[in-house]
Structure formats: structure tokens, C-alpha cells
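The lines below spell out each chain.
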Amino acid sequence: MAGPHEVLGMSRLLGISTTEFLATYADNGGTTLRFGEEDGRCVFVTESGCRVHARRPLVCRLYPLGRATDGTGEERFARFPKQDGCEAEFGTDGTIADFLEAQGVAPYLEWSLRYGEVYRRMLRLLDLAGVEGKVETDAGGETGAAGPHPASDRDPLSSWQDIDASLAGYCAAKGIAVPAGIDEAIGLHLAAMGEWLDGLEARIGAAPDNPKREEKP
Amino acid sequence: MGKQTAGKTVTRREIIKLAGTAAAFCTSFGFLQGSQAGRTVQDKHLQQDKHITQHKWERAEIKWYSGATLLHSSAIPATVAKHLESDVSATVEIKLFRSGQMLRNLGTIQGKH
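Residues numbered from 1 in each chain as written. Chains lettered and ligands numbered in written order. Predicted model: local features only at pLDDT ≥ 70, side-chain atom pairs only at ≥ 80, totals over all residues. Heavy atoms only, no water.

A closer look at the overall build of chain A
And step 1. Along the backbone of chain A there are seven helices and six strands.
And step 2. Along the chain direction, N to C, the helices and strands of chain A fall in the order α-α-β-β-β-β-α-β-β-α-α-α-α.
And step 3. Here chain A, with 217 residues, has 43% of them falling under the buried criterion.
And step 4. Counting contacts in chain A only where the partners sit at least 6 residues apart, residues at least 24 apart contribute 57% of the total. (Helix = DSSP H or I, 4+ residues; strand = E, 2+ residues; numbered from the N terminus. Buried < 20%, exposed > 50% of the residue type's maximum accessible area, 1.4 Å probe, protein only. Contact = heavy atoms within 4.5 Å.)

Here is the structure:
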């Protein structure tokens, strides 16, 4: 699992663009890091450790803990069993809070929260749009964000996953400079997505905060 | 027909991008379903089912039955088992094809089950 902000951080550490990162190191529609087909290892795990440790994603920072939040924001944590070959120290000494602080998860949780707000907004719009064949077909019939060719499993599901490419287009249209800093780029990415959703809402209809819908299992 | 509001239309292309982006976020952030305010939960590689973390399975088998009679049993390929084991959200679909055309989808296997 790797969100666009995490892809950006790892890309900067490696000195490449998010476009190149997604093409080289991501899988499953650009949503996860690539794993070796033979050894099952993350592409960044080497004999000397993780190549992107300083910018490792939240899920790696949390391991061996798993974290869930419910609708009220209340957190739950659980511990995964130790993976074969993992050289990390496992123990029950200390507190979860201490562990999280040591792993530097705070900014990652904050970004997850903000992208979560965007995600909920997208779901509400999809509810309102009624995606079951009630929309028009474009001329040209593009079938996905990656282009008219049949998408592979490795092509990003959405162009918004590629922050560098997204911001290049957004900033060019606005006549502003692309931010150099990671935090600034993530903030502008969220703002750009917000404007995109504003435009959709103007045509689909404003998404209510709490639409009535059936609960799904 | 397009989804129209006040004479404006949203295209299939835009809806596909919206759905694709939501799907990508769902997977890459670990957001679970629920669009009502305050209902979206996040599960970052967590125990969706406690037995996954407490009783990790070690072997997966395919079994042939005739009625209730077990005819044959065989372990599923290691690559499939490894995929199912990799993530509680990992799935494998079994589909029947002839001449490149899918005849039937037999269903989806989830490693968490």
C-alpha cells in the first residue's frame, strides 16, 4: 500500500519523478509497492535493509502493528505475527504511543486523514452520479485514466496518483511554479483534487455530508 | 443518457476517472467502504479478521466433491498461496475460458477466509 504522498516521498529520496516511480516500483494499479515474483520481497528490501527507509510508507512504519479507525476516529491496534526472515526486534515492552513517535507516523496519519476527506467526497459523488450506465460515452471512448490502450495491472488506476504529473499540469494551467518541497506539493495536490471535485459537484450536484444510503456488508 | 444537472452533463470518462481514483485511494490508503460522513474507516494492513493475525494459515487446498463425497484433494500452486497470504485483501478469481472468451466466472477466493 502506498498513497500518492508516500510515492512522492520515496521518489524524492530516489531522485526520480513519481511518474518513473510508479512505472518502476509500483504494482496493482499503482496502489502497492512491487514485490519480487520469486522471493516475495518488497522491491526495496536489500541485504543491507530498506532502500527507502527514511521515506518508508505508513504501513511499514506501523509494522508489526496494524491500525484501524472507526467512524468516530477511535483507533484500534493489533499486532501481526512476525514474518519469516524479518530481523526486527519484537517485544511487548513500551507503549504504542512511544512506538508511533519513534517511527515518525504523525505526519503520515495527518495526510491520510486529509486524503480520507477527499476519498469520502469522491464516494458521495459516485453515489450521486449513479454510475450504472447513466453517463454519456465520450468521443474516442477512453477506457481509463492511463489512455485508450488496454491498461495493464501496473498502470496507475488514476492520473491523480502521480503527483508530479498532476501538479505539472495543474501549475501550468494556473501559471504558478511547481512546489519543490514535499509537504507543499502534497498540500497543492490536495487543493488541486479539491478543485477537480468542485467542478464535478457543479455538474453532478453538491454532495451532502450525510446522504442516506443502504449499508453494505 | 448523461447524468445531468441544470443542463450540464458529466461524461463517462469523468466518472471512470472518479471511480478509478476512489478505487486507488481505497487500496493505497486502506480505506474501507462507507461514504456517509464519519463512516469511512481506515484499516492500514490491519486485522480485518482477528484469526488472520492469531491463526495464520499454512496450506491451501482445492478439493473435488461429488455431492458430499470428497473425490480428490490437491494443494493450490505456491504462487497462488503466496498471493493470498500476502494481504488480507488479496483475492484470486477462477474463470473458465474457451478460445480466449470467458465462459463463466466460478467465483473469487479470499485469503482471509
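A few points about the packing of aromatic side chains
And step 1. This model, assessed by the stated rule, comprises seven aromatic pairs over all chains.
And step 2. Between Phe21 of chain A and Tyr25 of chain A the ring centres are 5.3 Å apart and the planes differ by 55 degrees, which places this aromatic pair in the tilted class. Within this pair, Phe21 of chain A and its partner Tyr25 of chain A are both found in helix H2 (residues 18–25), separated by four residues, close to a single helical turn. Taken individually, Phe21 of chain A and Tyr25 of chain A each receive the classification buried, so the pair is uniform in this respect.
And step 3. For the ring pair Tyr115 of chain A and Phe25 of chain B, a centre distance of 5.5 Å and an interplane angle of 75 degrees mean the geometry is edge-to-face. In this pair, Tyr115 of chain A is assigned in helix H5 (residues 106–129) and Phe25 of chain B in helix H1 (residues 12–29), connecting two distinct chains. Here Tyr115 of chain A matches Phe25 of chain B in class, with each residue buried. (Phe/Tyr/Trp six-rings, centres within 6.5 Å; stacked < 30°, edge-to-face > 60°.)

Description of the nonpolar core
And step 1. One finds Tyr115 and Met122 of chain A together with Phe25 of chain B to be the most contacted residues of the largest nonpolar core, which totals 33 residues.
And step 2. Looking at this core, the elements that each hand over two or more residues are H5, helix H6 (163–174) and helix H7 (182–204) of chain A together with H1 of chain B.
And step 3. In terms of residue count, the dominant contributor to this core is H7 of chain A (11 residues). (Core = buried A, V, L, I, M, F, W, Y, C linked by side-chain atoms within 4.5 Å.)

Comments concerning the pairing of strand E5 (residues 65–69) of chain A
Residues and elements named next belong to chain A.
And step 1. Of all the five residues making up E5, five are buried; the element is thus mostly covered by neighbouring parts of the structure.
And step 2. Judged by which residues are buried, E5 turns out to be covered on both faces: Leu65, Arg67 and Thr69 on one side and Gly66 and Ala68 on the other are all buried.
And step 3. Sheet topology note: the E5/strand E6 (residues 75–79) ladder contains five bridges and is antiparallel. Within the sheet, the bridge partner assigned to Leu65 lies in E6 and is Arg79. (Pairing = 2+ DSSP bridges.)

Description of a nonpolar patch on the surface
Residue and element names in this part refer to chain B.
And step 1. There is a patch of nonpolar side chains on the surface, built from Ile94, Leu96, Leu103, Leu106 and Ile109 and spanning about 410 Å² of accessible area.
And step 2. Contributions of two or more residues to the nonpolar patch are made by strand E6 (91–98) and strand E7 (101–110).
And step 3. Looking at which element gives the most residues to the nonpolar patch, the answer is E7, with three residues.
And step 4. Among the structural elements, Leu106 can be located in strand E7.
And step 5. Residue Leu106 is classed as partly exposed on the basis of its relative accessible area of 46%. (Patch = residues over 30% accessible without salt bridge, like charges linked within 9 Å, V, L, I, M, F, W, Y side chains within 5 Å. Areas by Shrake-Rupley, 256 points an atom, 1.4 Å probe, with all protein chains shown as cover. Salt bridge = Lys/Arg side-chain N within 4 Å of Asp/Glu carboxyl O.)

What about the confidence of the model for chain B?
All names here are of chain B.
And step 1. Here chain B shows a mean pLDDT of 71. Residues at 70 or above account for 67%.
And step 2. Within chain B, the lowest mean pLDDT, 41, falls on helix H2 (residues 50–54), and the highest, 89, falls on H1.
And step 3. Low pLDDT, under 50, characterises residues 34–39; the predicted model gives this stretch 21 contacts beyond four residues in sequence or across chains.
And step 4. Contacts of residues 45–54 to residues separated by more than four positions or lying in other chains number 29 contacts, the stretch itself having pLDDT below 50.
And step 5. Model confidence for the complex is summarised by a pTM of 0.67, with the ipTM given as 0.81. (pLDDT = per-residue confidence, 0-100.)

Details of the environment of Ile109 of chain B
Residue and element names in this part refer to chain B.
And step 1. Checked against the element boundaries, Ile109 lands in strand E7.
And step 2. Residues Ile109 and Ala90, 19 residues apart in the sequence, show an inter-C-alpha distance of 8.5 Å.
And step 3. In contact with Ile109, other than residues within four places in its own chain, are Leu84, Ala90, Thr91, Val92 and Ile94.

As for the pairing of strand E4 (residues 61–66) of chain B
Residues and elements named next belong to chain B.
And step 1. Where E4 and strand E5 (residues 69–75) come together, six bridges link them in antiparallel fashion. If you follow Lys63 over to E5, its bridge partner there is Ser73.
And step 2. Counting the residues in the hairpin turn of E4 and E5 gives two residues, including Gly67, whose phi is positive at 65 degrees.

Here we look at H6 of chain A
All names here are of chain A.
And step 1. When the terminal C-alpha atoms of H6 are compared, their 16 Å separation across 12 residues agrees well with the 16 Å that a helix rising 1.5 Å per residue should span.
And step 2. Among all positions of H6, only Ile163, Asp164, Ser166, Leu167, Tyr170 and Cys171 are buried. Around the axis of H6, the buried residues are gathered within 155 degrees of arc, so they sit on the same side. Of the exposed residues in H6, those oriented more than 90 degrees away from the buried face are Ala172 and Ala173.
And step 3. Lining the buried residues of H6 we find helix H1 (4–14), H2, H5 and H7.
And step 4. Note on H6: the residue one or two positions beyond its end, Gly175, has a positive phi of about 70 degrees. (Expected span 1.5 Å × (residues − 1). Arc of directions from axis to C-beta.)

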